[in-house]
Amino acid sequence: PSSISIKELSELLGIKVNDILKFLLSHGISSNINSNVDFETATMIGAKYNIEVILEEQQDIESIYLTEEPDREDQMEPRPPIVTVMGHVDHGKTTLLDAIRKTNVTSSEAGGITQHIGAYTVELNNRKIVFIDTPGHEAFTAMRARGAQITDIVILVVAADDGVMPQTIEAINHAKAANVPIIVAVNKIDKPNANAERVKQELSEYGLIPEEWGGDTIFVPVSALRKQGINELLEMILLLSDLLELKANPNKRASGVVIESRLDKGMGSVATVLVQSGTLKVGDIVISGTSFGRVRALIDDKGRRVKKATPSIPVSVLGLSEVPNVGDKFYVVPDEKIAKAISDYRKDRLRQQQYNNINKLSFDQLFNQI
Ligand code: GTP
Ligand code: MG
């Protein structure tokens, strides 16, 4: 990454170009005035003349191009809430999402890659809500690990016949850690052994106290299977998101998070992203980790090709060079050269880290042997 031409080095150190070339030749390196030497070699050359060579701090390419300017209040526009459905295994998260989508998504049926997208856009009273189904989603863990505030609201699904279980508690802790408000969906109320009161009691031990008991947690009894209570739940989500006043600036280059990614035989790298800021468009240059490329196509959660995606909206991106990592941020940059430069910079850094790890490892091994 850090190299300098012999001409430049000669000027900086005040050593004749010929002397440098001779010195290098004496070390078996044949070069010319335009050859580049790396930092180590430059240090060696300097040492011969008692000059200490110090690497100048460079402003790294990431901070130049990927630093997001804070938005002004007048640039902010309302955006749909991102709602993540969490809860214990088999408590009915996916069934609940199915019920929500069937009652609200118009007949344009899912096809192609839609089935694999874990994020869904639902329309209600001309307003959008974005849902994320968590089961088995590494995505969510990775995002949390980075402290990314991708979710605005957590729907905690608790089966009324089963009550609070280990993953229910885990979900509460994740939501608390991320400082995200929880709406409780008490599910399976159609079951004869359902006990919604017990769920309320158990959850209040974890600080989720229902409004009728003087707390501030919204509980909605539902039956995902019988599609009961679904509209009430959606109303509560909209009510809560009104209070949150969710906004973003749609009029700038997009950035967001990769929530799913895979390699498709026909389409190549397919990355499902959630736009958090700005508007993502076909033709944009995207970088995520070391993967980059021009957006060839955008596909929404219903399998339709779209030209753009505004804040909160999940879309699949085609055209990236590699499959990006789930949980990584993505950014639109002005041109492909910059994207490649950032990618190269990151690849170098990764190599350096791996190299350091190997060195550290051998040192530790040595140390342990002694
Ligand atoms: P994981 O993704 O594995 O964590 O499970 P999940 O929470 O998504 O549960 P899922 O929606 O797959 O439902 C599990 C089982 O519960 C299925 O057999 C559903 O039919 C059933 N189920 C879900 N909701 C209800 C409900 O409201 N009433 C009844 N009686 N059964 C339900
Ligand atoms: Mg599920």
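Residues numbered from 1 in each chain as written. Chains lettered and ligands numbered in written order. Predicted model: local features only at pLDDT ≥ 70, side-chain atom pairs only at ≥ 80, totals over all residues. Heavy atoms only, no water.

Note the following rule: UniProt positions are given in the numbering used here, feature names are shortened, and annotations may be inferred rather than shown by experiment.
As annotated in an unreviewed UniProt entry, the chain carries the name Translation initiation factor IF-2 and comes from Calorimonas adulescens. Check the Subcellular location (unreviewed entry) section of the UniProt entry for the chain; it says "Cytoplasm".

**Some points on the sheet that holds strand E7 (residues 153-159)**
Definition in use: At least two DSSP bridges between two strands are needed for those strands to be called paired. In this description a helix means any DSSP run of H or I spanning at least four residues, a strand means any run of E spanning at least two, and both kinds are numbered starting from the N terminus. Orientation is described by lines fitted to C-alpha atoms, with helices fitted over the stretch in contact, and by angles between N-to-C directions that extend from 0 to 180 degrees. Here, two residues are considered to be in contact whenever any of their heavy atoms come within 4.5 Å of each other.
Ordered by their spatial adjacency, 6 strands build an open sheet running E5-E6-E4-E7-E8-E9, and the pairing between neighbours is mixed. The open sheet has two free edges, formed respectively by strand E5 (119-124) and strand E9 (218-221), since each of these has just one partner strand. Here the strands of the sheet are splayed against their neighbours by 25° on average, with no regard to which way each runs. Against the sheet, helix H7 (residues 166-177) makes contact with strand E4 (82-87), E7 and strand E8 (182-187), and its axis sits at roughly 170° relative to E7, the strand it touches most. Each of E4, E5, strand E6 (127-133), E7, E8 and E9 is contacted by helix H9 (residues 230-244), which is oriented at about 105° to E6, the strand it contacts most.

**Observations concerning the site of ligand 1**
Test applied: By convention in this text, a residue qualifies as near a molecule or strand provided that one of its non-hydrogen atoms is within 4 Å of it. In the analysis that follows, any N or O atom pair within 3.5 Å is treated as a polar contact, provided that within protein one partner can donate a hydrogen and the other can accept it, and provided that, for residues neighboring in sequence, both atoms belong to side chains. Every accessible area reported is derived by Shrake-Rupley at a probe size of 1.4 Å, with residue values counting cover from the shown protein chains alone.
Close to ligand 1 lie 16 residues; Lys93, Thr94, Thr95, Asp190 and Ala224 are nearest. Here an oxygen atom of ligand 1 sits 3.0 Å away from a polar atom, N or O, in the main chain of Gly92. In the model, an oxygen atom of ligand 1 is placed 2.9 Å from a nitrogen or oxygen of the Thr94 main chain. In isolation ligand 1 exposes 640 Å². Once the protein is present, 73% of that is buried. Sorting elements by how many residues they give to the shell around ligand 1 places helix H5 (residues 93-104) first, with 3 residues.

**Focus on the environment of Ser255**
Residue placement: Ser255 occurs in strand E11 (residues 255-264). With 236 residues separating them along the chain, Ser255 and Asp19 place their C-alpha atoms 50 Å apart.

**Quick look at the pairing of E9**
Here is the rule we go by: When the strands point away from the viewer, a crossover counts as right-handed if the route from the first strand across the helix to the second turns clockwise.
Two strands pair when backbone bridges link them, and E8 and E9 are joined in this way by 4 bridges, in the parallel orientation. Considered in E9, the bridge of Ala185 is made with Val220. The handedness of the E8 to E9 crossover, carried by helix H8 (residues 196-204), is right-handed.

**Looking at the packing of aromatic side chains**
Heads up, the rule is: Side-chain rings of Phe, Tyr and Trp (the six-membered ring for Trp) are treated as a pair once their centres are within 6.5 Å; stacked means planes under 30 degrees apart, edge-to-face means over 60, and tilted covers the remaining angles. Distance and angle both matter: a charge sits over a ring if NZ of Lys or CZ of Arg is within 6 Å of the ring centre and within 35 degrees of the ring normal.
Overall, the coordinates contain 0 aromatic pairs when judged by the stated rule. Over the face of the ring belonging to Tyr49 we find Lys48, whose NZ or CZ atom lies 5.9 Å from the ring centre. Lying across the ring of Tyr120, Arg101 places its NZ or CZ 3.7 Å from the centre.

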